[in-house]
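What follows is each chain in one-letter form.
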Amino acid sequence: KKRGDKAGIEDIVITSQRAQYEKRINDDPQDYDAWFEYAKMEEENEIEGADNASKVREVYERAIGNVPPSMEEKQLWKRYIYLWIYYALYEELQQHNLDRASKIYDACIDLIPHSKFSFSKIWINAAKLHIRRKDLVSARKLLGKAIGLCGKEKIFTEYIALELALGEVDRCRALYTNYLKHMPHNCRAWSKYADLEKSVGETERCRAIFELAVSQSALDMPEMLWKNYIDFEIEEGEGDNVRALFERLLEKTGHVKVWISFAQFEGTEVGKGVATARDTFQRAHDQMKEAGLKEERVLLLDAWRV
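Cut-offs and rules
- Residues numbered from 1 in each chain as written.
- Predicted model: local features only at pLDDT ≥ 70, side-chain atom pairs only at ≥ 80, totals over all residues.
- Heavy atoms only, no water.
- Core = buried A, V, L, I, M, F, W, Y, C linked by side-chain atoms within 4.5 Å.
- Buried < 20%, exposed > 50% of the residue type's maximum accessible area, 1.4 Å probe, protein only.
- Helix = DSSP H or I, 4+ residues; strand = E, 2+ residues; numbered from the N terminus.
- Contact = heavy atoms within 4.5 Å.
- Salt bridge = Lys/Arg side-chain N within 4 Å of Asp/Glu carboxyl O.
- Disulfide = S-S within 2.5 Å.
- Phe/Tyr/Trp six-rings, centres within 6.5 Å; stacked < 30°, edge-to-face > 60°.

1. Quick look at the nonpolar core
- With 89 residues, the main nonpolar core has Ile81, Ile122, Trp123, Ile155, Leu225 and Leu300 as its most contacted residues.
- Among the elements that take part in this core, helix H4 (residues 74–94) stands out by supplying 10 residues, more than any other.
- In this view, Leu300 contacts Val256, Trp259, Ile260, Phe281, Ala284, His285 and Met288; residues no more than four positions away in its chain are not counted.

2. Concerning the pattern of salt bridges
- Taken as a whole, this structure holds 28 salt bridges when the rule is applied.
- The network of salt bridges with shared partners includes Asp170, Arg173, Glu197 and Arg205.

3. So, the state of the cysteines
- Taken as a whole and assessed by the stated rule, the structure comprises 0 disulfides.
- No disulfide involves Cys108; its sulfur sits 12 Å from that of Cys150, the nearest cysteine.
- For Cys150, a relative accessible area of 18% gives the class buried.

4. Considering the environment of Asp110
- Turning to its location among the elements, Asp110 is positioned in helix H5 (residues 98–111).
- Classification of Asp110 by relative accessible area gives exposed; the value is 60%.
- With 187 residues separating them in the primary sequence, Asp110 and Arg297 have C-alpha atoms 60 Å apart.

5. Examining the packing of aromatic side chains
- For the structure on display, the rule yields 18 aromatic pairs.
- A centroid spacing of 5.6 Å and a plane angle of 70° characterise the contact between Phe117 and Phe119, whose relative ring orientation is edge-to-face.
- Residue Phe117 is classed as buried on the basis of its relative accessible area of 8%.
- When the centroid spacing of 5.0 Å and the interplanar angle of 10° are considered together, the rings of Phe210 and Tyr229 count as stacked. Taken as a pair, Phe210 in helix H11 (residues 203–214) and Tyr229 in helix H12 (residues 222–235) lie far apart in primary sequence, 19 residues in all. The exposure classification of Phe210 matches that of Tyr229, with both residues buried.
- Ring-pair connections join several aromatic residues into one group, and the members of that group are Tyr32, Trp77, Tyr80, Trp84, Phe117 and Phe119.

Note that all results are geometric; they support no functional claim without further evidence.
Quick look at the structure:
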């Protein structure tokens, strides 16, 4: 009797919650938070083993039917897209229906106005689902399509990570080439590409990539790129190359940190020794004195004393 009473009370509570959500979505069909909460409530009240996925699906299907009215409101679209993602995750994780989840991602991708904007998360989730389904061909095809329609950095990095995990170095090279064609200013991408070549023992290829990178007319983080190039040559024990790079860098920027790094390098095993380090500090000091750079000279002298 008590169990029956408890179940009855729960039914009343659920019916009341449904009525509240129905009112909210009737008042504003684009209240995606209300749709999401409604679907989650139905998920939480699913009876173990019973086939009442239909209630959850019904809420999600109704929710995704409310497409944002304007293509100008990207933030509204973002929340709308998350409904599709949660729907697909529900099918995969709760219902273990990977085919249905995949179809949901496909339908969502077809709906997005990619010429206006796109969402890398939906592409990546869909591709990773293909991988979990052991369908590598479809994953590659989808990520290739994503690069064509979306071309966001996250798509490139995820696709490269996938190919790298599979040991497909040539495919990674092709992707990096495409990536850098889209974003030649991206220092992180250049450095990662160089790291890839270094990791497979391709020293000359690595050096060529760094050379190509530092020759770009515009870079987002040139100091990081030059540092990585110099560190690479230090690791290779190529003292003359390091020296030449520092000299080239000083032509571009006479920054005190570059001078300090140059002088400190000369004092290492790969450098020419303490005397040359001292000479480099002296050169830097003379130039800064001539340019009247007092604060920089203080920094330089502090480093010199060490």
